[in-house]
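Structure assessment
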Amino acid sequence: MAFDLSQLELGARARVTLVGGTGPLALRLLEMGFTPGTVVVLVKRAPFGDPLELQVRGCHVSLRKAEAARIEAVLL
């Protein structure tokens, strides 16, 4: 079952299946390593839920919830 990364629970691992949309934001997310098949882990969520800190390809990346919602994934 696919969901978007903004719904990921703390400490959960997921595999990216799709980066939605077009334009500069989608390209930037792909450049940051959120390519299909990549495993991501939610490391931290800010007190009000935004931004999210994700571990991707050995790096820690912060994304806004709206940005994370464009990335579809499946739980591992």
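Everything discussed here concerns the structure shown above.
**What to know about the overall build of the chain**
Assigned secondary structure in the chain consists of two helices and six strands. Secondary structure of the chain in N-to-C order comes out as β-β-α-β-β-β-α-β. What you see for the chain is a C-alpha radius of gyration of 11 Å, in line with the 11 Å of a compact globule of 76 residues. Referenced to the eigenvectors of the C-alpha coordinate spread, the extents of the chain come out at roughly 30 × 25 × 25 Å.

**Digging into the pattern of salt bridges**
All told, the structure shown has three salt bridges when counted by the stated rule. We note a salt bridge from Glu31 to Arg28, for which the minimum N-O separation is 3.6 Å. Of this pair, Glu31 and Arg28 are both found in helix α1 (residues 24–31), three residues apart, which corresponds to roughly one turn of the helix. Note on Glu31: relative accessible area 52%, which makes it exposed. Owing to a relative accessible area of 47%, Arg28 belongs among the partly exposed residues under this scheme. Glu67 is paired through a salt bridge with Arg64; the nearest N and O atoms lie 3.2 Å apart. The buried category is assigned to Glu67, whose relative accessible area is 16%. The class of Arg64 is exposed, set by a relative accessible area of 54%.

**What about the sheet that holds strand β3 (residues 39–45)?**
Reading across from one edge, β1-β6-β2-β3-β4-β5 is the order of the six strands in this open sheet, with antiparallel pairing throughout. With partners counted over all chains shown, the strands left at the sheet margins are β1 (2–4) and β5 (59–63), one partner each. Within the sheet, the average angular offset between the axes of one strand and its neighbour, ignoring direction, is 45°. Two elements, β1 and strand β6 (residues 71–75), share three bridges in a ladder whose sense is antiparallel. Looking at β6, one finds that Phe3 is bridged to Ala73.

**Here we look at the environment of Leu54**
Counting through the fold element by element, Leu54 comes out in strand β4 (residues 52–56). We classify Leu54 as buried; its relative accessible area is 0%.

Rules used in this analysis
- Residues numbered from 1 in each chain as written.
- Predicted model: local features only at pLDDT ≥ 70, side-chain atom pairs only at ≥ 80, totals over all residues.
- Heavy atoms only, no water.
- Helix = DSSP H or I, 4+ residues; strand = E, 2+ residues; numbered from the N terminus.
- Rg over C-alpha atoms; globule rule 2.2 N^0.38 Å.
- Salt bridge = Lys/Arg side-chain N within 4 Å of Asp/Glu carboxyl O.
- Buried < 20%, exposed > 50% of the residue type's maximum accessible area, 1.4 Å probe, protein only.
- Pairing = 2+ DSSP bridges.
- Axes fitted to C-alpha atoms, helices over the stretch in contact; angles between N-to-C directions.

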